[in-house]
Every structure is written in structure tokens, then in C-alpha cells.
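Commentary on secondary and tertiary structure
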Amino acid sequence: MLTIKNLHAEVEGKKILKGINLEINKGEMHAIMGPNGSGKSSLASVLAGRDNYTVTEGEVWFNGKNLLDLSPEDRAREGVFLAFQYPVEIPGVSNLNFLKTALNEIRAYKGLPALEAREFLKLTKEKQQLVDFHSNLMNRSLNEGFSGGEKKRNEIFQLAMLDPQLAILDETDSGLDIDALRIVSSGVNKLRDAEKSFVVITHYQRLLEYIIPDFVHVLYNGRIIKTGTKELALELEERGYDWLKEELHLKESV
Amino acid sequence: MINSNEIIDDIANKEYEFGFTTDIEMDIAPPGLNEDIIRFISAKKNEPEWLLEWRLKGFAAFKKMEFPKWQHFEMPALDLQAVSYYAAPRKKKQLNSLDEVDPELLATFEKLGIPLNEQKALTGVAVDAVFDSVSVATTFKGKLKEMGVIFCSFGEAVQEHPELVKKYLGSVVPHTDNIFAALNSAVFSDGSFVYIPKGVRCPMELSTYFRINAQNTGQFERTLIIADDNSYVSYLEGCTAPMRDENQLHAAVVELVALEHAEIKYSTVQNWYPGDKDGKGGIYNFVTKRGICKGAASKISWTQVETGSAITWKYPSVILQGDHSEGEFYSVAVVRNKQIADTGTKIHHIGKGTKSRIISKGISAGHGDNSYRGLVSVGPRADNARNFTQCDSLLIGNQCGSHTFPYIESRNKSAMIEHEATTSKIGEDQIFYLNQRGIDSEKAVALIVNGYVKEVLNQLPMEFAVEAQKLLSITLEGSVG
Ligand SMILES: Nc1ncnc2c1ncn2[C@@H]1O[C@H](COP(=O)(O)OP(=O)(O)OP(=O)(O)O)[C@@H](O)[C@H]1O
Ligand SMILES: [Mg+2]
């Protein structure tokens, strides 16, 4: 579904991604870990089309389409969803009105008619229960005054509503209390199916006990330096990143 | 990726939708401002002697005045001698019904979305259509007459109801008020007149649509609305003008009088030609609007959505004279390209227990410059007066400006005056967030702006709120910074 080949990108003249290769198939769950500043959010931003990043080399294919040719909104309409590490607040725009606009824009792109108010509310109710999202947050302005955890849960609620093919979750687990973490992960597990793929960016092995990944990648200095399965996450939890960095330097000095 | 400057240019080049001209035979007075032209206008309109006298007094006052200097923009050079003070579609004879109105004119208004044919007209809205200097038609007059409501052109009111005109004309905005009001008093051509009798709730929205067509003319209309005891009226004005390279002056005067327990809601959707992206052409919208809550427990509410004009310069005001009377001002002012707005309100609390509420939402894009200027004054007799002011600015892009000048003068210790102000910017990260959910940048801006102005648009009658919302999204199309 998603193929990233030798992806290089820079921001403000600074090289951040330095040759990412990644293949994600339908139904797979990939975890990306790595030290602060290694380029995880940057990778997510480049995939979503944030325009302060310049791709200098490489390709990204999504369901046979050249993703890098598409505008951010068209990437979203094609089925790429990014749960932001830092969701922004948009005062004055109600959460519900925003979601309705988003959903109908995506539907229009796919040639589907806009949802009627009743159908929309039904869907909202259903998804709200699925991810256990507080109904009193729905009529409030988008993320305005939401607590850190509420913002993260709103990202998962939007994910449930918009039903993308590829969901990239950037540290959705940070800032969640234990209960919320369980609720969010169980929401993600419920949304998992054979057609959908996930990229979960996290610092904590704990999350991966709830959401079992098929692959774990370590991103370091703009490159994926190791790929493994969930055991790799456990190892990282115990040993940190230094041994990997050493391994890398050894390899590079050979 | 498209950069923000390209997008900003994009909107700037967007055509003004109402910029066409109507080709019609006109009576146009030669340019120039002098007593002769005033006598000419007065004679053309067959006015009584007292009104001519009043005009001449206005002219005398005008000659003694100078242009103000306190505004937050450079006063453009105005050559008032180069303006023609009278332009009217030539009519063949006295009109008795709509069927006799020039079809070209009817077509013009239809094109503007203001059908004057009563069958086609919006239900529940009576319209007075003003083309250049004169009113060409007023719809639903018969129906209103049955209830005793007078809704007609100003000229007609002078002929048919001189006692009302004489009593109230200049009673809220005297001919000496300011230089533009003085000029208007001298040369005003037409406008609308409304009288709502005691105890009547006007059953439909009353609306005036102003259209400037002729070149090198000014438009100086006067509106006078009187709501007698226990009556209610909601009134709306709309305006457009052709695209022309020269600036045109629009210096209107609006006077509102609310008697005991009466309520007047006055709404404006102003979309005069704003000029092109370099600031060439456009209307100078220098208008004096003031209402007086004369009677106890009366209420006047101004709502304005200002998207057009090269310069918008006006402060719809309320004098709260009656005890427990109430004044409101809701405003959305949008500037883009090189547009300038210096607008706000003045509320004078005179009576006891008077209340006022001011909600101002400025939006600046491109190189636009938006100023809110407001005065809340509380007199010594105004025990327990209350004011709440909320004054917000929204910036789109990095080259626009926004300023607030709130003035408070309180001479009564029991008064409570609250002022809140915010400035925010539509951020790239907000736009990107919405993009990432499948919403394109145009829609994203519209979504944010609509959320921002909701509180004001909610004050407009339903049909107009929808129109205003559309107008805002067209105005701001592409202004993502
Ligand atoms: N706009 C920018 N200007 C300059 N440098 C930037 C910009 N955006 C990101 N960077 C830099 O890119 C590098 C990668 O940042 P990124 O946010 O992708 O890291 P991350 O792996 O997500 O880290 P974390 O785990 O802390 O979230 C960092 O060194 C960061 O400072
Ligand atoms: Mg990050």
C-alpha cells in the first residue's frame, strides 16, 4: 500500500531525512521508535505534505499513486491520516462542524453524496462509543482548551470518523493517563482490519503491549537503522539506543 | 507548493462580481458644489421652502468646516468640485406602478439579486431600490400601508408626510455634526423613509438597496427611521457599485429614532466596489449613522458586515437617552488588498439603567488596514449603566494591519464598563491541520472565519446571514497566508 524509497528531505536548509526505505502492506501495524530529534515527526509531516519540508530525493507511492505529487488535502482524501503529536486549537470552529466538513469533502472526492444530518449524527454516536470519546467535547471548539489527553483522544475519534487506509499516529500515547492509554489502544485495535494499515510512532514499549506491532523500526539521524518485531521494542526498553548507535558506527567505519 | 504570496495575488485578481455598469439615459447635473446646485436639486424634487432653507444652512456649515485629522489613515485628496451632485435615470413621466419602471433598471436590480417584481421578491422583505441619486421603486408598499407603516423614498416622504420629516430630520444628526453630514444635508438626493406607528410590529423586513451607477457622481442619501411607542422594525441595507478607476464618494446620513418601548434593528451588508489590488478606484464610504433611544426601555441595534469600499469610515452610534434603554453594535469589517476600514461605534449612556453591548470582529488580509475605534460615554445621570465591549482582530498573512482605539468616558461611579480584546492570526499550522483532514485551504479559511464571525452574523435576518457568509468566503477566497 505504501512504498517509501530512499526518501531525503530537508527543512530550512537542514537535512533531516537521509534515505528512508519502508514498505507497508495492507493490514500491517508498524511501530517507529527512535531518540528525540531523529526525524520521526518529520517523516510523518513529509508523508502528510507539510510544505516547509522539501523532498530532495526519493519517492513515495501510495496505492499506485505518487503521493508526493498530491496536495495535503488530496493525500487525506486518498486515505492518509495523521494523528498529530501536537494537535492545534481552532477557536470558533465546532468539533462537529469541522468533522462534518472533513467527512463530506472526503466523500465528495470519492464521488459520494454528502451525509445527511441524521446519518452523520448516527455515525458520530457510533464512533464516539467505539473510542469512548466524551460527547461534551464534540460541541466545543476544535481542541480549544482541551487537555493534552483530550486532544489526543480527539485525534483517535477523528481517525474513527474519517476511516482512512493508512493512519500515522505520532506519539498519540504521550500525555495519556493509564486508563486513557488503554482506551485509546483498544480503540485502535477495534479499528484495525485487513484493509487498514498503521504507523505508530512511540517512545514507549508499554503501548506496544496493547497494540501489537508486526514490525518495529528504529529511526536514527534520519535513517531507519534497524527493523525487527515486537521483541526489538523490549530490547530497546532495556538497553536504550546507545548499543544501536555503536553498532551503526562500527558498520559505517568498516 | 503554491506560496502564500501567489495565493494572495490570486484573490486580489478575483473580479468584483457586481462591477458591471447599466447603460441608461440619465439626467446628470454638471459637476460642482455651490448654492445653485442645491437650489437645482431642491427644485427638481419640488421641495418646500423650509427644506431648501435647511439645505442652505447645511451648506453654510459645510463651508466653515475642515476635514478631520484624527483618523488612522491618510485622508485622500477629495475634489468636491469635480463631483456631480445629481444623477437620475431619465423618466418619461410620473411612475404609477412598477410596470412603468425602465426595464433596464429592473434588470439591473434583478442581476444584483434584488428582484423588484413583487411576485419574484423575497417573501417577507420589502425593498426600496435607490439607483444613483433617486429611489426607483419600493415594493410591498400597499401591504405595509394597511398596517399604517410608511416605507417610501425620502423624496416621497417630503411630499406626503412633511410634518414627520420636518419634525425628525436632523434631530439625531444635525446639519452641523461633521463635514460629511453637513455636505449631505446640503446636497442629499434621496434615500428611504420609514415610520412605524404606535404598537405595530412591522410584519416584514424593510430593506434599501443602494446602487451607484453613474460616473463622477457622489451618492448622498438620507435615511430616516422613526419607530413610535411600542413598535418594532428590522431594516436592512445593501450596496454595490460598478468597477471604476476613479474613487467615488458615498456620504450618507442615517437617523434612527426609537420612542418608548420601541425597537429598531438596523443591518448593513456593505459591498461597495473596493478598488483593485493596487488600491486604484473604489468607493469612499464616509457615512454618519446615529440612533437615539428617546423613549424609556427602547432599543436600537446596529449590525454591520463591511466587506467593500476602498475606505470605510463610520461609527454607527446610539444615544441612550430613555431610562433603561439599550444599544447594541455588532460588526464584521473585512479589509484585503489595500482596503482601509476605520470603524466602530459610539454609545452615549444618558438615561438610568441603560445598557450597551459592542461586538466588533475585524478581519485583515493582504495589505488591508483595519481599525476599531469606539467610544463609550456615561453621563452623570446614567446610574447603573452597563457596557460590555468585545473587540477581536483576525489577521491573515503578514502584511496587514489591525488597531484598536477604545475610549471610555465615565462620569458616574455606578457604571460598569467591561472591555475585552483579542488578536489572532490564522496560522499555517491551523490550515495544515484542516488540510490533513481533507479540507482545502480556501474552505479552511472560510471555516475559521465563519466560526470567528458567527456571533455577529447570528444577528442578521436568516436570508441575509447566509448571503453575508457567502460574501465573506468570496471576499477572502485564497487569502491564506
Ligand atoms: N522547522 C524546522 N526548522 C529547523 N529544524 C527543524 C524544523 N522542524 C524540525 N526540525 C528539526 O528536525 C529534527 C527532527 O525533528 P522531528 O520533530 O522529526 O524529531 P522526532 O523524531 O519527532 O523527535 P521527538 O521524539 O522529540 O518528537 C530535529 O532536529 C528538529 O529540530
Ligand atoms: Mg516527534
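No experiment lies behind these values; they were computed from the predicted model shown.

**Quick look at the interface of chain A and chain B**
- On the side of chain B, 18 residues touch chain A, which itself brings 31 residues to the contact.
- For the chain A and chain B pair, buried surface summed over both sides reaches about 2200 Å², with 64% attributable to carbon and sulfur atoms.
- The salt bridge involving A:Glu105 is made with B:Lys443; its shortest N-O contact spans 3.0 Å.
- On inspection of chain A and its partner chain B, the count reaches 12 residue pairs in polar contact (both at pLDDT 80 or more).
- Elements represented by at least two residues in the side of chain A that touches chain B include exactly α2 (72-78), β6 (80-83), β7 (90-94), α3 (95-109) and α5 (148-162) of chain A.

**Describing the packing of aromatic side chains**
- Within the structure shown, the criterion is met by 19 aromatic pairs over all chains.
- Members of the aromatic cluster, each reached through a chain of ring pairs, are B:Phe67, B:Trp70, B:Phe73, B:Phe180, B:Tyr284, B:Phe286, B:Trp313 and B:Tyr315.
- Over the ring of A:Tyr204 we find A:Arg206, and its NZ or CZ is 5.6 Å from the ring centre.
- Positioned over the ring face of B:Phe188 is B:Arg55, at 4.0 Å from the centre of the ring.

**Observations concerning the environment of A:Lys190**
Residue and element names in this part refer to chain A.
- With respect to the helices and strands, Lys-190 occurs in helix α6 (residues 178-191).
- Classification of Lys-190 by relative accessible area gives partly exposed; the value is 48%.
- Through-space distance from the C-alpha of Lys-190 to that of Ala-180 is 15 Å; in sequence the pair is 10 residues apart.

**Comments concerning the sheet that holds strand β9 (residues 166-170) of chain A**
Residue and element names in this part refer to chain A.
- Here 6 strands make up an open sheet; going across it, the order is β6-β9-β10-β3-β11-β12 and the pairing mixed. Bordering the open sheet on either side are β6 and β12 (223-228), each of which pairs with just one other strand. On average, each strand axis in the sheet is inclined to that of its neighbour by 20°, with strand direction left out of account.
- By the bridge criterion, 4 bridges tie β6 to β9 in an arrangement that is parallel. The partner of Ala-83 across the bridge, within β9, is Leu-169.
- In the packing of helix α8 (residues 230-239) onto the sheet, the strands contacted are β3 (29-33), β11 (215-220) and β12, and the crossing angle to β11 comes to about 45°.

**Overview of the coordination of the magnesium ion (ligand 2)**
All names here are of chain A.
- Within the protein, the atoms that donate to the magnesium ion (ligand 2) are Ser-41 (OG) and Gln-85 (OE1), at distances of 2.0 to 2.3 Å. Remark: Gln-85 occurs in the loop between β6 and β7 and Ser-41 occurs in helix α1 (residues 40-48); sequence separation between them is 44 residues.
- Relative accessible area serves as the criterion here: at 15%, Gln-85 is assigned to the buried category.

**Re the sheet that holds strand β1 (residues 2-11) of chain A**
All names here are of chain A.
- Taken in spatial order, the 4 strands of this open sheet run β2-β1-β4-β5, and their pairing is antiparallel. This sheet does not close on itself; its edge strands, each paired only once, are β2 (14-24) and β5 (65-66).
- The sheet contact formed by strand β4 (residues 53-62) and β5 spans 2 bridges and is antiparallel. Following the sheet pairing, Trp-61 is matched in β5 by Asn-66.
- This element, α1, spans β1, β2 and β4 of the sheet and lies at about 110° to β1.

**Points about the site of ligand 1**
All names here are of chain A.
- Inspection of the region around ligand 1 gives 16 residues, with Gly-37, Lys-40, Ser-41, Ser-42 and His-203 positioned closest.
- With respect to ligand 1, the backbone of Gly-37 contributes an N or O atom lying 2.8 Å from an oxygen atom.
- Within the backbone of Ser-41, an N or O atom sits 2.8 Å from an oxygen atom of ligand 1.
- The protein chains hide 69% of the 630 Å² of surface that ligand 1 would expose on its own.
- Elements that contribute at least two residues to the shell around ligand 1 include exactly β2 and α1.
- If one sorts the elements of the shell around ligand 1 by residue count, α1 sits on top with 3 residues.
- Looking at side-chain class alone, the shell around ligand 1 contains 4 nonpolar, 8 polar and 4 charged residues.

**Considerations on helix α2 (residues 35-44) of chain B**
Residue and element names in this part refer to chain B.
- Of the positions making up α2, those classed as buried are Ile-37, Ile-38, Ile-41 and Ser-42. Buried residues of α2, seen end-on, are gathered within an arc of 135° and therefore sit on one face of the element. Relative to its buried face, α2 has exposed residues pointing more than 90 degrees away, namely Asp-36 and Ala-43.
- Residue Asn-34 occupies the N-cap position of α2, its side-chain oxygen lying 3.1 Å from the main-chain nitrogen of Asp-36.

**What to know about the UniProt feature "domain: ABC transporter" (unreviewed entry) in chain A**
- Cross-referencing UniProt, the feature "domain: ABC transporter" (unreviewed entry) maps to residues 2-246 of chain A in the present numbering.
- The distance from the first to the last C-alpha atom of residues 2-246 of chain A is 30 Å, and the span holds 39% helix and 29% strand.

**Side note on unusual backbone geometry**
- Its identity as a non-glycine residue notwithstanding, A:Asn143 has a phi of 65°, on the positive side.
- The backbone of B:Asn230 shows a phi angle near 55°, a positive value even though the residue is not glycine.

**Notes on the environment of B:Phe188**
- One can find B:Phe188 in the loop between α8 (179-187) and β6 (192-196).
- It is 8.9 Å that separates the C-alpha atoms of B:Phe188 and B:Tyr86, two residues lying 102 residues apart in sequence.

Here is what the cut-offs are and how they apply
- Residues numbered from 1 in each chain as written.
- Chains lettered and ligands numbered in written order.
- Predicted model: local features only at pLDDT ≥ 70, side-chain atom pairs only at ≥ 80, totals over all residues.
- Heavy atoms only, no water.
- Contact = heavy atoms within 4.5 Å.
- Buried area = accessible area lost by both parts, 1.4 Å probe.
- Salt bridge = Lys/Arg side-chain N within 4 Å of Asp/Glu carboxyl O.
- Polar contact = N/O pair within 3.5 Å; in protein donor to acceptor, adjacent residues only side chain to side chain.
- Helix = DSSP H or I, 4+ residues; strand = E, 2+ residues; numbered from the N terminus.
- Phe/Tyr/Trp six-rings, centres within 6.5 Å; stacked < 30°, edge-to-face > 60°.
- Lys NZ or Arg CZ within 6 Å of the ring centre and 35° of its normal.
- Buried < 20%, exposed > 50% of the residue type's maximum accessible area, 1.4 Å probe, protein only.
- Pairing = 2+ DSSP bridges.
- Axes fitted to C-alpha atoms, helices over the stretch in contact; angles between N-to-C directions.
- Donors = N, O, S within 2.8 Å, 3.2 Å for Na, K, Ca; no water.
- Near = heavy atom within 4 Å.
- Areas by Shrake-Rupley, 256 points an atom, 1.4 Å probe, with all protein chains shown as cover.
- Nonpolar A, V, L, I, M, F, W, Y, C, P; charged D, E, K, R; others polar.
- Arc of directions from axis to C-beta.
- UniProt positions renumbered as here; feature names shortened; annotations may be inferred.

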